[in-house]
Amino acid sequence: MSNEIEQFLERQDEAVSALFLENKGDELTDILVAALEEAFEILLESAPAETLH
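Residues numbered from 1 in each chain as written. Predicted model: local features only at pLDDT ≥ 70, side-chain atom pairs only at ≥ 80, totals over all residues. Heavy atoms only, no water.

### Here we look at the overall build of the chain
Just so we agree on the cut-off: Strands are runs of DSSP state E lasting at least 2 residues, helices are runs of H or I lasting at least 4, and numbering of each runs from the N terminus. Atoms considered for the radius of gyration are the C-alpha atoms alone. The globule rule reads 2.2 Å times the number of residues to the power 0.38. Under the scheme applied here, a residue whose accessible area is under 20% of the maximum for its type counts as buried, over 50% as exposed, and between as partly exposed, the area being computed with a 1.4 Å probe on protein chains only. Using a 1.4 Å probe, the Shrake-Rupley method yields the accessible areas, and only the shown protein chains count as cover for residues.
Along the backbone of the chain there are 2 helices and 0 strands. What you see for the chain is a C-alpha radius of gyration of 15 Å, clearly larger than the 10 Å of a compact globule of 53 residues, by over 25%. By principal-axis analysis of the C-alpha atoms, the chain measures approximately 50 × 30 × 10 Å. Of all 53 residues assigned to the chain, the portion counted as buried reaches 4%. Surface exposure of the chain reaches about 5000 Å², of which carbon and sulfur atoms provide 59%.

Given below as structure tokens:
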């Protein structure tokens, strides 16, 4: 993993931890939904253009 990705993940972990400690469930849910959306976008980009039957 590149250093840039590691720093991003560390900042994201810190933000999630802070929200969890402050009992801010709505904000935490928004972060988790955004992360899932990004993961799905990455999967779609890496999926082959054609499907084999």
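### Topic: the packing of helix H1 (residues 3-21) against helix H2 (residues 25-46)
Operational definition: Throughout, an axis means a line fitted to C-alpha atoms (over the contacting stretch in the case of helices), and angles, computed between N-to-C directions, take values from 0 to 180 degrees. Note on terminology: angles under 35 degrees are roughly parallel, angles over 145 are roughly antiparallel, angles of 65 to 115 are roughly perpendicular, and the others are oblique. What makes two residues a contact is simply this: any of their non-hydrogen atoms within 4.5 Å. Under the scheme applied, nonpolar residues are Ala, Val, Leu, Ile, Met, Phe, Trp, Tyr, Cys and Pro; charged residues are Asp, Glu, Lys and Arg; polar residues are all the others, including Gly.
The geometry of H1 relative to H2 is characterised by a closest axis approach of 9 Å and an angle of 150 degrees between their N-to-C directions. With respect to H2, the element H1 is oriented roughly antiparallel. Side by side, H1 and H2 meet where Gln 12, Val 16, Leu 19 and Phe 20 of the first sit next to Glu 27, Leu 28, Ile 31 and Ala 35 of the second. Grouping the constituent residues of the contact of H1 with H2 by class yields 6 nonpolar, 1 polar and 1 charged.

### A short note on the environment of Asp 30
Tracing the sequence through the fold places Asp 30 in helix H2. Between the alpha carbons of Asp 30 and Glu 50 there is a distance of 33 Å; along the sequence they are 20 residues apart.

### Notes on a negative patch on the surface
Just so we agree on the cut-off: Put simply, a patch holds well-exposed residues, over 30% relative accessible area, that have no salt bridge, with like charges counted together within 9 Å and Val, Leu, Ile, Met, Phe, Trp or Tyr side chains within 5 Å. Between Lys or Arg on one side and Asp or Glu on the other, a salt bridge is scored when a side-chain nitrogen of the former is within 4 Å of a carboxyl oxygen of the latter. Lys and Arg are tallied as positive, Asp and Glu as negative. Neither His nor the chain termini are counted. Where a charge sits is defined by one atom per residue type, namely NZ (Lys), CZ (Arg), CG (Asp) or CD (Glu).
The grouping of Glu 6, Glu 10, Asp 13 and Glu 14 at the surface amounts to a negative patch. Relative to the helices and strands, Glu 14 is located in helix H1.

### Some remarks on H1
Helical periodicity: at 3.6 residues per turn, an α-helix aligns residues three or four positions apart in one direction. Our working definition: Each helix should span, by expectation, one fewer than its residue count multiplied by 1.5 Å.
Here H1 contains 19 residues, and its C-alpha end-to-end distance of 27 Å stays within 8% of the 27 Å for a straight helix at 1.5 Å per residue. The positive-phi residue at the C-terminal boundary of H1 is Asn 23, with phi of around 60 degrees.

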